Amino acid sequence: MEYKYENVESVEVKETFKAHKHDDGYEITETIEIPVGAKGVIASMGCSSIDNFENHYDVELRIDQKEIEVCVSEKNMEKFFELRY
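Calculation notes
In every chain, residue numbers begin from 1 and rise along the written sequence. Residue-level local features of this predicted model are given only where pLDDT is at least 70; pairs of side-chain atoms are given and counted only at 80 or more, and the full residue set underlies all totals for whole chains, interfaces and linings. Think of the side-chain values as coming from all heavy atoms in the structure, minus any hydrogens and water. In DSSP terms, a helix is any run of H or I states spanning at least four residues, a strand is any run of E spanning at least two, and both are numbered starting from the N terminus. With C-alpha atoms as the basis for the radius of gyration, the globule rule is written as 2.2 Å multiplied by the number of residues raised to the power 0.38. Using a 1.4 Å probe on the protein chains alone, a residue whose accessible area is under 20% of its type maximum counts as buried, one over 50% counts as exposed, and one in between counts as partly exposed. Residue contacts follow a heavy-atom distance rule, with two residues in contact if any of their heavy atoms lie within 4.5 Å. Areas reported here follow the Shrake-Rupley algorithm with a probe of radius 1.4 Å; residue values treat only the protein chains shown as occluding. Residues scored as positive are Lys and Arg, those scored as negative are Asp and Glu, and His as well as the terminal groups of each chain are ignored. Throughout, a charge is located at the NZ atom of Lys, the CZ atom of Arg, the CG atom of Asp or the CD atom of Glu. The rule for a disulfide is simple: a pair of cysteine sulfur atoms within 2.5 Å. Paired strands are those between which DSSP finds at least two bridges.

Could you clarify how one ought to interpret the overall build of the protein chain in this entry?
When helices and strands are counted, the protein chain shows one helix and seven strands. Counted from the first residue to the last, the protein chain has its helices and strands arranged as β-β-β-β-β-β-α-β. Since a compact globule built from 85 residues should have a radius of gyration of about 12 Å, the 13 Å found for the protein chain is in line with a globular shape. Projected onto its principal axes, the C-alpha positions of the protein chain cover 30 × 30 × 20 Å. Burial status across the protein chain gives 33% buried among its 85 residues. A separation of at least 24 residues holds for 45% of the contacts in the protein chain among residues at least 6 apart in sequence. Working note: accessible area of the protein chain is about 5,800 Å², and carbon and sulfur atoms make up 43% of it. For the protein chain, the centre of its 10 positive side-chain charges and the centre of its 20 negative side-chain charges are spaced 7 Å apart.

Printed below as a string of structure tokens:
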């Protein structure tokens, strides 16, 4: 499987967005706002049958001295992040 952003070294949020925490049954348990300027790295890449095997990226971000991991689909990477190679 090929990943469009596998060579990205770091990311920076360019548009505030909301991320949702889910429980094991995929029910939303919390919503987090990811602010403009948050920086991070791609921690892993994958796909799942839940989203029709669309590529996604687990991105670790540093927000208010905490590390938060969000999962972003390949089609939304350039929408939310400035990508640095």
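What am I meant to see in the state of the cysteines here?
Using the criterion set out here, one finds zero disulfides in the structure. Take C47: it sits in no disulfide, and the sulfur closest to it among the cysteines is that of C71, at 11 Å. C47 sits in the partly exposed class, given a relative accessible area of 30%.

Would you take a moment to explain the pairing of strand β4 (residues 39–46) for this structure?
One face of the sheet, then the other: side chains in a regular strand alternate in exactly this way. As paired elements, strand β1 (residues 10–13) and β4 share two bridges and run antiparallel to each other. What sits directly across from E12, in β4, is K39. The sheet contact formed by β4 and strand β5 (residues 56–63) spans seven bridges and is antiparallel. Within β5, the residue paired with K39 across the bridge is R62.

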